[in-house]
Amino acid sequence: MTAISFVRRQAVTSSSISSDEASAGAILRIDLGAIRENYRRLKAMLPRAACSAVVKADGYGLGATEVASALIGEGCEHFFVAHASEGLSLRTGIGDGPKIYVMNGVFPGAEDDCAQAGLIAVANSAAQLQAWRKAACRVGRTLPVAVQVDTGMSRLGMSPSEVDGLEPADFYGLEPVLAMSHLACADEPDNPVNQIQRHAFEVLRQKLPPMPASLANSSGIFLGEEYQYDLVRPGVALYGINPVPGRPNPMRKVVSLEAKVIQTRELEAGIGVGYGHAFRTAAASRTATIALGYADGWPRRAGTAAWFDDIRLPFAGRVSMDLIVLDISALPEGQLKPGDTVELISRHQTVDDVAEIAGTIGYEILTGLGSRFWRVYENA
Ligand SMILES: *Cc1c(COP(=O)(O)O)cnc(C)c1O
């Protein structure tokens, strides 16, 4: 066993109510050692390309600064966020040095702050490119820029005709550092869209000034070397979500979640539990009410179970905003007491399992968790 060190901090949002572990309803454990291991596993798949880390949405809900700091320790030099605001706060968190790319680009009026913070704007349109060039004039130095082209996802980036219209002068005052695009179907290796997008990327790259290229997200890395180019952009795989759905997960699990028992009760047969009395006891039962609900990011549709001592404790009725009732009849009387914790995400039930039960993807579960929990960082 490696030594475990704990870094504790307050949860991120101002609406957060957890100021320490004792007053929190639930505890999210984030294994930074596993994130580092996942980074090394991905890097081992790259004969040539460098490996960045996507830490948008506060590091998929796990803490962008904590994740980035851990990966800087692995030699990671490139970080991607979605919003300029995320880039600014990450820069404060990790200091100068590592490159931070703002994938959504920079909104008018935010350019100068982003330039001062040394962020790299991703230009998704000729207009964004021009605005960044004007910012370079104002701050009086060359600014790095990434260019995103749309190769067939039709979501974000310059269209092929917009790329055709670019002229060398559009890059005056700018240093082009990355040409990027995003795959729509990378998690389906046999989908012909992958190859079509790769070919479109080849064509569009040639029309841009020479610069390194990046196409692959987590799943894209697994499509093979021809998708990896100079830099890959994994997010979800770093956080332990399966980047190859339908095949065994090659990544290490990163998060676990425990919630505290508030109270237990004894119920006779035929008693309704929770909203709508969606559950009714078939026999005399014991229940425990735990401090976790859909406002914590637990999907209301994921009526599943918690575990205590390897024993499965099914949800009894609906998930409420802040509460879930468990049927704990399977446990010996008195074994589960107020203040004890039960496991919601653990080796018994992964983020991907919860996503499947809720009819969604691991990304949505992961990014939804956490702002209200007490976070414990392990193996920092
Ligand atoms: C979110 C995102 C990524 C990371 O995707 P994962 O599937 O989480 O690896 C990479 N590139 C772009 C443009 C993204 O929006």
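Reading the values: the criteria
Residues numbered from 1 in each chain as written. Predicted model: local features only at pLDDT ≥ 70, side-chain atom pairs only at ≥ 80, totals over all residues. Heavy atoms only, no water. Helix = DSSP H or I, 4+ residues; strand = E, 2+ residues; numbered from the N terminus. Buried < 20%, exposed > 50% of the residue type's maximum accessible area, 1.4 Å probe, protein only. Areas by Shrake-Rupley, 256 points an atom, 1.4 Å probe, with all protein chains shown as cover. Near = heavy atom within 4 Å. Polar contact = N/O pair within 3.5 Å; in protein donor to acceptor, adjacent residues only side chain to side chain. Nonpolar A, V, L, I, M, F, W, Y, C, P; charged D, E, K, R; others polar. Contact = heavy atoms within 4.5 Å. Pairing = 2+ DSSP bridges. Axes fitted to C-alpha atoms, helices over the stretch in contact; angles between N-to-C directions. Core = buried A, V, L, I, M, F, W, Y, C linked by side-chain atoms within 4.5 Å. Salt bridge = Lys/Arg side-chain N within 4 Å of Asp/Glu carboxyl O. Parallel < 35°, antiparallel > 145°, perpendicular 65-115°, else oblique. Left-handed = near helix turned anticlockwise from the far one by under 90°. Phe/Tyr/Trp six-rings, centres within 6.5 Å; stacked < 30°, edge-to-face > 60°. Lys NZ or Arg CZ within 6 Å of the ring centre and 35° of its normal.

**Q** Mind showing me how you'd approach the overall build of the protein chain here?
**A** Scanning the protein chain from N- to C-terminus turns up 11 helices and 20 strands. Seen through its C-alpha atoms, the protein chain measures out along the principal axes to roughly 80 × 45 × 45 Å. Going through the 380 residues of the protein chain one by one, you find that 51% of them count as buried. Within the structure as shown, the protein chain displays about 16700 Å² of accessible surface, and the carbon and sulfur contribution to it stands at 51%.

**Q** What's the story with the site of the ligand in this structure? I'm lost.
**A** The environment of the ligand is made up of 14 residues, and the closest members are Lys56, Tyr60, Ser218, Gly235 and Tyr363. Here an oxygen atom of the ligand and a side-chain polar atom of Ser218 are 2.5 Å apart. Here an oxygen atom of the ligand and a side-chain polar atom of Tyr363 are 2.5 Å apart. Split into classes, the residues belonging to the shell around the ligand amount to 7 nonpolar, 4 polar and 3 charged.

**Q** Before we go on, may I ask you to explain the environment of Asp352 in this structure?
**A** Note on placement: Asp352 falls in helix 10 (residues 351-358). Exposure remark for Asp352: the relative accessible area of 22% places this residue in the partly exposed category. In the structure, Asp352 is positioned 12 residues away from Glu364 in sequence and 9.9 Å away in space, judged by C-alpha atoms. Those residues in contact with Asp352 that sit more than four places away from it in its chain are Gly240, Ile241, Asn242, Asn249 and Gly362.

**Q** Help me understand the sheet that holds strand 6 (residues 99-102), please; the structure alone is not making it clear to me.
**A** Strand order across the open sheet formed by 7 strands is 4-5-6-7-8-9-10, with parallel pairing between neighbours. The open sheet has two free edges, formed respectively by strand 4 (53-54) and strand 10 (213-214), since each of these has just one partner strand. By the bridge criterion, 3 bridges tie strand 7 (residues 120-123) to strand 8 (residues 143-148) in an arrangement that is parallel. Each bridged residue has a counterpart across the sheet, and for Ala121 the counterpart in strand 8 is Val145. Strand contacts of helix 6 (residues 126-139): strand 7, strand 8 and strand 9 (174-180), with the helix running at about 175° to strand 8, the strand carrying the most contacts.

**Q** Quick question: what am I supposed to make of the nonpolar core here?
**A** Most often, soluble globular proteins have nonpolar side chains that are buried together. Membership of the largest hydrophobic core comes to 112 residues, with the highest contact counts inside it found for Trp132, Leu257, Trp298, Val342 and Leu344. Residue contacts for Leu344: discarding those within four places in its chain leaves Leu257, Ala259, Ile290, Leu292, Trp298, Ala305, Ala306, Phe315 and Gln349.

**Q** I keep staring at the pattern of salt bridges and nothing clicks. Help me out?
**A** Think of it this way: side chains of opposite charge can pair up when their charged atoms draw near. As enumerated under the stated definition, the model contains 15 salt bridges in all. Close ionic contact of Arg40 with Glu74 constitutes a salt bridge, the shortest N to O distance being 2.8 Å. Of this pair, Arg40 sits in helix 1 (residues 32-43) while Glu74 sits in the loop between helix 3 (64-72) and strand 5 (78-81); the two residues are 34 residues apart in sequence, bridging distant segments of the chain. Shared partners join several salt bridges into a network, and the residues in it are Arg36, Glu37, Arg40, Arg41 and Glu74.

**Q** How do you make sense of the packing of helix 3 against helix 4 (residues 84-94) when you look at a structure like this?
**A** Between two packed helices, what matters for the description is the angle formed by their axes and the separation of those axes. At a closest axis distance of 9 Å, the pairing of helix 3 and helix 4 adopts a crossing angle of 50°. Comparing their axes, helix 4 and helix 3 come out oblique. Between helix 3 and helix 4 the crossing geometry is right-handed. Of the residues in helix 4, those touching helix 3 at Ala64, Thr65, Ala68, Ser69 and Ile72 are Ser89, Leu90, Gly93 and Ile94. Here the residues of the contact of helix 3 with helix 4 sort into 5 nonpolar, 4 polar and no charged.

**Q** Before we go on, may I ask you to explain the environment of Ala123 in this structure?
**A** Structurally, Ala123 can be placed in strand 7. Under the relative-accessibility criterion, Ala123 is labelled buried at 2%. For the pair Ala123 and Thr341, spaced 218 residues apart in sequence, the C-alpha to C-alpha distance is 47 Å. Beyond its immediate stretch of four places on either side in the chain, Ala123 contacts Gln128, Leu129, Val145, Ala146, Val147, Gln148 and Met158.

**Q** How do you make sense of the packing of aromatic side chains when you look at a structure like this?
**A** Under the definition given, this model contains 5 aromatic pairs. Their ring planes at 90° and their centres at 5.1 Å tell us that Phe201 and Tyr229 sit as a pair that is edge-to-face. Taken together, the residues Phe201 in helix 8 (residues 193-206) and Tyr229 in the loop between helix 9 (218-221) and strand 11 (231-232) connect sequence positions 28 residues apart. As far as burial versus exposure is concerned, Phe201 and Tyr229 are alike and both buried. With a centroid separation of 6.2 Å and an interplanar angle of 50°, the aromatic rings of Trp298 and Phe315 are classed as tilted. Highlighted residues: Trp298 in the loop between strand 15 (285-290) and strand 16 (305-308) and Phe315 in the loop between strand 17 (311-314) and strand 18 (324-327), separated in sequence by 17 residues. Members of the aromatic cluster, each reached through a chain of ring pairs, are Tyr60, Tyr239 and Tyr363. The ring of Tyr227 has Arg198 sitting right over it, with the charged end atom 5.0 Å from the ring centre.

Purely geometric stuff here, so don't read any function into it on its own.
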